[in-house]
Amino acid sequence: MLNADKIRKDFPILSQNVNGKPLVYLDSAATSQKPAVVIGELSRYYSKDNANIHRGVHTLAERATALFEGVREKTAKFISASSPKEIVFTQGTTEAINLVAYSWGKANLTSKDTVLLTIMEHHSNLVPWQLLSKELGFKLEFIMVTEDGYLENPEETIRKVKPKLLAFVHVSNVLGTINPVKKLSKVAHKVGATVLIDGAQAVSHTSVNVQSLGADFYAFSAHKMLGPTGVGVLYGRRDLLESMPPFMGGGEMIREVSLDKSTYKDSPHKFEAGTPNIGGVAGFGAALDYISGVGMDGIKTHTEELTAYALDSLSKIDGLRIYGPRNPEDHGPVIAFTVEGIHPHDLATVLDGEGIAIRSGNHCTMPLHKHFDLVATARASFALYNTKEEVDKLAEAVLEAKKVLGA
Ligand code: 7TS
């Protein structure tokens, strides 16, 4: 059993008042808070080990390189990749997906192909494919979403469309839907598709095994899993990464350069041009250690309980509509909702006055909001440091907002 009260003490930011009230941070889907060990590691790294990597022979350069490559190994283990060579460090999920688009996509997609996405994608798994499809002329098709927030006939659609690439979100950042990655990857592979999973909202609260999920590519961000901003990961199956051309050119990724041509290092270094976010990667390593120390099973159970509790208490509020699966087992720790007669921004503003941080807006999923005939939703999201008392405060504050705003 996870002890959230004890865990909260590890997160310095949580012990403050906001607008005169104890902070209730329910926006971890946007970015999670960081434990003191992560903040401390950033400071330790810059105080003791800071140097550029892979190029110096001096002691600090060797230390920084060992640290950076050590976190690569740790990351590979964390998601059960078969080798650290399958881990490319990026700036975040967005860059990881763009890397797949502009490297794998440019080398593999033609005007005869189709890329299959879903309408619940974050813009970062939609816009890169739109840009590339303009350039290469391939078709974009979409798996639709049911009223209760599930993918609509995904297996049939995959069999019918026979895409060259199936790219979809593991856990929706709005509906919270946990998509059946393993099942859909299997169907996609049967029709010869490559599978890219956007794991940005999954890795922080569920054990991910990229091999058993059948992901060919899996993208995520450190900042949503207790790590620093500016670091992300692209997992890619080794044979795929090796067959792919570089994404960006520059220092670090080359083997030999002459004025008219260059040869490149093997992956993952081929995809890491320039000086990476070494300090951030060090901090990410501390975040992975922290999560492993607490235990992913405990985190998963805790966030599932909070989600079930919040789905139950919010759904009792008159005029409040939740978007996404009602079955807590299919629902990650993200709940999007609207309250009749109140604009989500107004609701978020009133809640902020109570020290409660939720997000309002389209959460970078405009097509999904359009599908539900919405411009914006309010969204509460939970992490290992949240408590049932905080969910109670959220529900009470929504009731209060209804009174204040006359809804
Ligand atoms: N994919 C999903 C499912 C996401 O939720 C996000 C960020 C991204 C990709 C992009 O990640 P980035 O780290 O590259 O920015 N989602 C959110 C959100 O829901 N609120 O703020 C950011």
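In the block above lies the structure referred to throughout.
All values derive from a computational prediction rather than experimental measurement.

A. Structural detail: the overall build of the protein. Each helix and strand in the protein was counted, giving 14 helices and 17 strands. Computed over the C-alpha atoms, the radius of gyration of the protein is 22 Å, within 12% of the 22 Å expected from 2.2 N^0.38 for a compact globule of 407 residues. Expressed as lengths along the three principal axes of its C-alpha atoms, the size of the protein is roughly 70 × 55 × 35 Å. For the protein, the residues scored as buried account for 55% of the 407 residues in total. Sequence-distant contacts, at least 24 apart, represent 71% of the contacts inside the protein between residues at least 6 apart. Carbon and sulfur atoms make up 52% of the accessible area of the protein, which totals about 17100 Å². Positive and negative side-chain charges of the protein, numbering 43 and 46 respectively, have mean locations separated by a distance of 4 Å.

B. Structural detail: the pattern of salt bridges. Applying the stated criterion across every chain, the model contains 22 salt bridges. Among the ionic pairs, glutamate 272 bridges to arginine 72, the shortest N-O distance being 2.8 Å. Here the residue glutamate 272 occupies a position in the loop between strand S12 (262–264) and helix H10 (278–294), and arginine 72 occupies one in helix H3 (residues 59–78), the gap between them amounting to 200 residues. We note that glutamate 272, like arginine 72, is buried. A single salt-bridge network, built from bridges that share partners, covers Glu41, Arg44, Asp49 and Arg63.

C. Inspection of empty space enclosed by the protein at higher detail. One pass over the structure, following the stated rule, counts 2 cavities of 30 Å³ or more. Together, 18 residues line the largest cavity, and Ser204, His205, Lys224, Phe382 and Ala383 are the ones closest to its centre. Taken together, the residues of the lining of the largest cavity break down into 10 nonpolar, 7 polar and 1 charged. Roughly 40 Å³ of internal volume is contained in the second largest cavity.

D. Inspection of the side chain of threonine 377 at higher detail. The residue threonine 377 is located in strand S17 (residues 377–381) in this model. On the accessibility criterion, threonine 377 (1% relative accessible area) is buried. One polar contact links threonine 377 to histidine 363, side chain to side chain, over a distance of 3.0 Å.

E. Spotlight on the sheet that holds strand S5 (residues 114–118). Read across the open sheet, the 7 strands follow the order S4-S10-S9-S8-S7-S5-S6; overall the sheet is mixed. Looking at which strands have only one partner, the edges of the open sheet turn out to be strand S4 (87–90) and strand S6 (139–143). Within the sheet, the average angular offset between the axes of one strand and its neighbour, ignoring direction, is 20°. Bridging between strand S9 (residues 217–221) and strand S10 (residues 232–236) involves 5 bridges; their strand directions are antiparallel. Within S10, the residue paired with serine 221 across the bridge is glycine 232.

F. Region of the structure containing the pairing of S17. For S17, the tally of buried residues reaches 5 of 5 residues, placing the bulk of the element in the interior. On S17, burial covers both faces: Thr377, Arg379 and Ser381 on one face and Ala378 and Ala380 on the other are all buried. Across 4 bridges, strand S14 (residues 334–339) lies against S17 in antiparallel orientation. Bridged to valine 334 within S17 is serine 381. With 3 bridges joining them, strand S16 (residues 359–361) and S17 adopt antiparallel strand pairing. Residue pairing in the sheet places serine 360 in a bridge with alanine 378 of S17.

G. View of the packing of helix H11 (residues 296–315) against helix H14 (residues 388–404). Here H11 crosses H14 at 25°, and the two axes come no closer than 10 Å. Compared by their axis directions, H11 and H14 come out roughly parallel. Considering only the axes of H11 and H14, their crossing is right-handed. Residues Leu306, Tyr309, Ala310, Ser313 and Leu314 of H11 form the contact with H14, whose participating residues are Lys388, Val391, Asp392, Leu394 and Ala395. Of the residues that constitute the contact of H11 with H14, the class distribution is 7 nonpolar, 1 polar and 2 charged.

H. Expanded view of the site of the ligand. Taken together, 17 residues form the shell around the ligand, and within it Thr94, Asp198, Ser221, Arg359 and Arg379 come nearest. One of the side-chain N or O atoms of asparagine 173 is found 2.9 Å from an oxygen atom in the ligand. Protein contacts shield 87% of the accessible area of the ligand, which totals 490 Å² for the unbound molecule. A class-by-class count of the residues in the shell around the ligand yields 4 nonpolar, 9 polar and 4 charged.

Rules behind the numbers
- Residues numbered from 1 in each chain as written.
- Predicted model: local features only at pLDDT ≥ 70, side-chain atom pairs only at ≥ 80, totals over all residues.
- Heavy atoms only, no water.
- Helix = DSSP H or I, 4+ residues; strand = E, 2+ residues; numbered from the N terminus.
- Rg over C-alpha atoms; globule rule 2.2 N^0.38 Å.
- Buried < 20%, exposed > 50% of the residue type's maximum accessible area, 1.4 Å probe, protein only.
- Contact = heavy atoms within 4.5 Å.
- Areas by Shrake-Rupley, 256 points an atom, 1.4 Å probe, with all protein chains shown as cover.
- Lys, Arg positive; Asp, Glu negative; His and termini not counted.
- Charge placed at Lys NZ, Arg CZ, Asp CG, Glu CD.
- Salt bridge = Lys/Arg side-chain N within 4 Å of Asp/Glu carboxyl O.
- 1 Å grid on protein atoms, 1.4 Å probe; cavity = no way out; pocket = protein on both sides within 12 Å on 5 of 7 lines; lining within 4 Å.
- Points joined across faces, edges and corners; volume = space filled by probe spheres on them.
- Nonpolar A, V, L, I, M, F, W, Y, C, P; charged D, E, K, R; others polar.
- Polar contact = N/O pair within 3.5 Å; in protein donor to acceptor, adjacent residues only side chain to side chain.
- Pairing = 2+ DSSP bridges.
- Axes fitted to C-alpha atoms, helices over the stretch in contact; angles between N-to-C directions.
- Parallel < 35°, antiparallel > 145°, perpendicular 65-115°, else oblique.
- Left-handed = near helix turned anticlockwise from the far one by under 90°.
- Near = heavy atom within 4 Å.

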